[in-house]
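Examination of the molecular architecture
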Amino acid sequence: MRFHTRKWVKPEDLNANNTLFGGKLLAWIDEEAALYSIIQLENKRVVTKYMSEINFMSTALKGDIVEIGIDVVNFGRTSLTLKCEVRNKMTRETIITVENIIMVNLGADGKPTPHGKTKIEFVRDRLSS
């Protein structure tokens, strides 16, 4: 799993128990999945279609740093299926896992459109071509 993003847990990210609010974490995951998909599919018109069951395993506290990891599970014709793990850098514990996040590639008309991708591409490889 490649961990692309780190977030610093700030007071505004906390719930009533003074731990990281799950909704905030899910928003971070959704944003990371969108950014990853936009870069992979080379299209800014990508939307979240589905997020599978989530499993909260631990939490984070104010001041902790969390890392968001994304891996590709499958390239569909118009979609990209990802999995995600978020871990607490301070405690080294996994906070949450999401096994399937389906992102859909859209055309200018807002409808699913084929993306033509079949494997992970790195920006450095695109630039050297």
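Before reading further, recall that the structure is shown in the block above.
Read on for an overview of the structure.

Rules and cut-offs
- Residues numbered from 1 in each chain as written.
- Predicted model: local features only at pLDDT ≥ 70, side-chain atom pairs only at ≥ 80, totals over all residues.
- Heavy atoms only, no water.
- Helix = DSSP H or I, 4+ residues; strand = E, 2+ residues; numbered from the N terminus.
- Buried < 20%, exposed > 50% of the residue type's maximum accessible area, 1.4 Å probe, protein only.
- Polar contact = N/O pair within 3.5 Å; in protein donor to acceptor, adjacent residues only side chain to side chain.
- Pairing = 2+ DSSP bridges.

1. Focus: the environment of Asp109
When you line up the elements, Asp109 lands in the loop between strand S6 (94–105) and helix H2 (123–128). For Asp109, a relative accessible area of 58% corresponds to the exposed category. Sequence spacing of Asp109 and Arg45 is 64 residues, and the spatial spacing of their C-alpha atoms is 10.0 Å. Within the structure, Asp109 has its side chain in polar contact with the backbone nitrogen of Lys111 (distance 3.0 Å).

2. Description of the pairing of strand S5 (residues 79–88)
Within S5, 7 of the 10 residues are buried, which leaves it mostly tucked inside the rest of the structure. For strand S4 (residues 65–75) and S5, the ladder comprises 9 bridges, and the chain directions are antiparallel. Directly across from Ile68, in S5, lies its bridge partner Val86. Counting the residues between successive antiparallel strands, the hairpin from S4 to S5 contains 3 residues. Strand direction decides the pairing type here: S5 and S6, joined by 8 bridges, are antiparallel. If you follow Arg87 over to S6, its bridge partner there is Thr94.

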